[in-house]
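Read off the chains here:
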Amino acid sequence: MKQMWRRFQSSYLLYSFKRDRIAMVSLAVLVVLLLVGIAAPLISPYDPYDPGNIDIMNSEIPPAWMEEGDGAFLLGTDIQGRDLLSTMIHGLRLSIIIGCGAVVLQAFLGIVIGLLSGYLGGKTDAILMRIADIQLSFPYLMVAIFISAIFQVAFGIGRYEELAVPLLVVIIGLAEWPVYARTVRASVMGEKNKEYVEAARVIGLSRTIIMVRHILPNALTAVMVISTIQVANAVMSEAALSFLGLGMPVTRPSLGSLIRSGFEYIFSGSWWITMFPGVLLVLFVLVINLLGDWLRDVLNPKLYKG
Amino acid sequence: MGHLLEVNDLEVKFALRLGELTAINGVSFTLDRGQRLGLVGESGAGKSVTGFAIINLISKPGYISGGQVVFDGRDITALSDEAMRNIRGNRISMIFQDPMMTLNPVLTIGTQMTETLLAHRNISRAEAEDIALEKLRKVQIPSPEKRLKQYPHEFSGGMRQRIVIAIALLTDPMLIIADEPTTALDVTIQAEIMDLLQELCEDDEMGLILITHDLAVVSQVTQRIAVMYAGKIVETGPTGAIIRSPRHPYTQGLINALPGSRQAGGRLNQIPGMMPTLTDIPAGCAFHPRCELRGTVCDMEVPHLRSVDSHQRMVACHMVESSEIDRTTSKA
């Protein structure tokens, strides 16, 4: 453990991180946002899921610093009278959970399929990659509309509200796995002809061990880079679905559903309901993308010391 | 008990779109416990393919189309994948040319060593680590405990090849196939590694097949040599006898081409022409277009290996006895 820490301290990764101010600021912002999201129930001023806290008389109060603002609601309230700040914090939490969950699912599917496809080649490869092509040619919105429509008919809208989070994870996860599968397949195909793989076969290791223990670690660089970008993408997808009313229900709003719920009132003057969640979403996605950019530059051996 | 390894009439073909190519065409040799055999020849002669064929690991378009590989009394060309994996890396090990490439760059030496053991033995990780340490000491790696936790890029080329050898030794194999183990190393390290290999084979009665194009290395280490040309063995016999008085015109050419056999400043000898590619191997003796001694039979009949003297020497050449080969080479 101690040795690993020392190794990390002298690594190129840390060195280039310390020299890149954008990366440092991005990471700081990201960490704050993640902490806020994780600790949402502890730090948010109100519990937006508790109907007892909601008073319709409080609806559409502007942020505290405006003339009609109320000190009790820092960023104002939404159309139902919920404290906007609390709702946003909980929405951020949902966006993080859905984004990360979807990426874990995508990565799992994509890595397994990419590994098999790249290493085994031949017919397996052809079949799996054609499935990936087909999957990519369905717009994820269509898949999402389809699945949630079926689900709502089958289980009723009440159940849907309970199961919306896992459902969104599955929808977004299924929609984007080919991105991983293709990347992993490409690096596996590059690695599998290297001599250390031949050596591993000569040693008598089984195919599974060679794939998982020897080839996969060598292909992980690419996976790390696309993972950051995919988290940002998944958060955006979730927001887009929610904005269209296919994602999180209004009773448990994510950032996307908040933007949508405020959108209808934006011209009647209540701009804050859309504005603040929108800014938060942009900030969150932006820092992830900036970090992803930095990571890509650092891990790309062609740009190394360039 | 029979031989440790007996290769009978081994034939390897590659099924390509333009037809089947025969890479190995009827190779036979035997190896006893503790014996060291050198497989010599130009690039493309089929040395490495022979090595891979022994452990039944020819990659895709290629396959073993005929012959037997009898290892320790069993024909291993017919074994199942599972049974073969049990022999590979366990009872037969292989060492490759480039130690930079054969170690996985993202795993520590310790992981790579214990993994091999765990795949073949039913032992705990701690026991595997002990064996790994013992083997690292055996190949003379200083402070092995520390080294186990390091990655391949933290070692020098010679060190890496020692580690590769240690990995090959892990399971106490009966046979090691070394495919040009020193080509990527500089000359002083080469000598060290070869000494080490020889010592290890003598200590543990291991068989060694040394695949190389370096006659100097072969003459130091091996007891017998098999010279390959275009997928066939053209001459085989005791190392000393072959180096001193080669009988096959190709072997003669190889040995005359060594810089040592000429005066300083003179032009080096070479064998005219190139080795034929697998797509157009000449009829009859594959060497005849480049051969100085060729006669009328040479482009018609394929010569077979036959004994030519009392030294268990076998030569595949029509002209060996009819020509004055012995005298011409002893003069050179």
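This structure is a prediction, so every number in the text was calculated from the model and none was measured.

Basis of the calculations
- Residues numbered from 1 in each chain as written.
- Chains lettered and ligands numbered in written order.
- Predicted model: local features only at pLDDT ≥ 70, side-chain atom pairs only at ≥ 80, totals over all residues.
- Helix = DSSP H or I, 4+ residues; strand = E, 2+ residues; numbered from the N terminus.
- Buried ≥ 20, exposed ≤ 12 C-beta atoms within 10 Å, placed from the backbone.
- Contact = placed C-beta atoms within 7 Å.
- Core = buried A, V, L, I, M, F, W, Y, C linked by C-beta atoms within 7 Å.
- Domains from an automatic or database assignment.
- Pairing = 2+ DSSP bridges.
- Axes fitted to C-alpha atoms, helices over the stretch in contact; angles between N-to-C directions.
- Nonpolar A, V, L, I, M, F, W, Y, C, P; charged D, E, K, R; others polar.
- Parallel < 35°, antiparallel > 145°, perpendicular 65-115°, else oblique.
- Left-handed = near helix turned anticlockwise from the far one by under 90°.

**Student:** Go over the overall build of chain B, please, and point to the residues and values.
**Tutor:** Scanning chain B from terminus to terminus reveals 12 helices and 12 strands. Projected onto its principal axes, the C-alpha positions of chain B cover 65 × 50 × 40 Å. The buried share among the 332 residues of chain B stands at 44%. Taking as baseline every contact in chain B between residues at least 6 positions apart, the subset at least 24 positions apart corresponds to 62%.

**Student:** Describe in detail the overall build of chain A, supporting the description with residues and values.
**Tutor:** Helix and strand content of chain A: 11 helices and 0 strands. Reading chain A from its N end, one meets helices and strands in the order α-α-α-α-α-α-α-α-α-α-α. Its C-alpha atoms put chain A at 75 × 50 × 30 Å along the principal axes. When each of the 306 residues of chain A is scored for burial, the buried share is 39%. Within chain A, contacts between residues at least 6 apart in sequence are counted, and of these 68% link residues at least 24 apart.

**Student:** Before we move on, can you summarise unusual backbone geometry with the specific residues and values?
**Tutor:** Most peptide bonds are trans, and most residues other than glycine sit at a negative phi. Residues and elements named next belong to chain B. The phi angle at Asp172 is positive, at roughly 50°, despite the residue not being glycine. Tracing the backbone shows Asp172 in the loop between α7 (157-169) and β7 (175-179). We classify Asp172 as exposed; it has 12 C-beta atoms within 10 Å. The residue Ala230 is not glycine, and still its phi comes out positive at about 45°. Topologically, Ala230 is positioned in the loop between β9 (224-229) and β10 (232-238).

**Student:** Summarise the nonpolar core; cite the residues concerned and give the values.
**Tutor:** Counting residues in each nonpolar core, the largest one holds 158 residues, and the members touching the most others are B:Ala178, B:Ile209, B:Val227, B:Met228, B:Tyr229 and B:Ile233. Ranked by residues supplied to this core, first place goes to helix α5 (residues 84-120) of chain A with 15 residues. A domain-level breakdown of this core finds at least three residues from each of domain 1 (5-222) and domain 2 (248-331) of chain B. Beyond its immediate chain neighbours, meaning those up to four positions away, B:Ala178 contacts B:Ile95, B:Leu197, B:Leu208, B:Ile209, B:Leu210 and B:Ile211.

**Student:** So what's going on with the sheet that holds strand β5 (residues 74-75) of chain B? Residues and values would help.
**Tutor:** Residue and element names in this part refer to chain B. Read from one edge of the open sheet, 4 strands run β2-β1-β4-β5, paired in antiparallel fashion. Looking along the sheet, the strands with just one partner apiece sit at the ends: β2 (19-31) and β5. Note: strand β1 (residues 5-16) against β2, 10 bridges, orientation antiparallel. By the bridge assignment, Leu16 is partnered in β2 with Gly19. Here helix α1 (residues 47-54) sits on the sheet and contacts β1, β2 and β4 (62-71); the angle it forms with β2, its principal contact strand, is near 70°.

**Student:** How would you summarise the pairing of β4(B) if you had to cite specific residues and measurements?
**Tutor:** All names here are of chain B. As defined by bridge partners, β1 adjoins β4 across 8 bridges and the pair is classed as antiparallel. Each bridged residue has a counterpart across the sheet, and for Val12 the counterpart in β4 is Ile64. The pairing of β4 with β5 spans 2 bridges and is classified as antiparallel. Paired with Val70 across the two strands is Asp75, which belongs to β5. Counting the residues between successive antiparallel strands, the hairpin from β4 to β5 contains 2 residues, one of them, Asp72, with a positive phi of roughly 50°.

**Student:** Please set out the interface of chain B and chain A residue by residue, giving values where relevant.
**Tutor:** Taken together, the contact between chain B and chain A spans 21 residues of the former and 15 residues of the latter. At the level of secondary structure, the elements contributing two or more residues to the side of chain B that touches chain A comprise α2 (81-87), α3 (99-102) and α4 (109-120) of chain B. With 4 residues, the top contributor of residues to the side of chain B that touches chain A is α4(B). By residue class, the composition of the side of chain B that touches chain A is 10 nonpolar, 7 polar and 4 charged.

**Student:** Before we move on, can you summarise the environment of B:Phe29 with the specific residues and values?
**Tutor:** Residues and elements named next belong to chain B. Along the polypeptide, Phe29 turns up in strand β2. With 20 C-beta atoms counted inside 10 Å, the residue Phe29 sits in the buried group. Once the C-alpha coordinates of Phe29 and Leu5 are considered, the two residues, 24 residues apart in sequence, prove to be 8.2 Å apart. Once you skip the residues sitting within four places of it in the chain, Phe29 turns out to touch Val7, Leu37, Ala226, Ile233 and Thr236.

**Student:** Could you give me a rundown of the domain arrangement of chain B, with the residues and numbers involved?
**Tutor:** Residues and elements named next belong to chain B. If you check the domain split of chain B, you get domain 1 (5-222) and domain 2 (248-331). The centre of domain 1, based on its C-alpha atoms, is set 30 Å off from the matching centre of domain 2. Residues of the side of domain 1 that touches domain 2, tallied by class, amount to 4 nonpolar, 1 polar and 1 charged.

**Student:** So, the packing of helix α3 (residues 21-38) of chain A against helix α11 (residues 272-299) of chain A: which residues are in play, and what are the values?
**Tutor:** A pair of packed helices is characterised by two quantities: the angle between their axes and the separation of those axes. All names here are of chain A. Taken N-terminus to C-terminus, the directions of α3 and α11 make an angle of 135°; their axes are 9 Å apart at the nearest point. In terms of their interaxial angle, α3 and α11 are classed as oblique. Note that α3 runs across α11; the crossing there is left-handed. On the side of α3, the interface is formed by Ile22, Ala23, Ser26, Leu27, Val29, Leu30 and Leu33, while α11 contributes Leu283, Phe284, Val287, Ile288, Leu290, Leu291 and Trp294. Broken down by class, the residue content of the contact of α3 with α11 amounts to 13 nonpolar, 1 polar and no charged.

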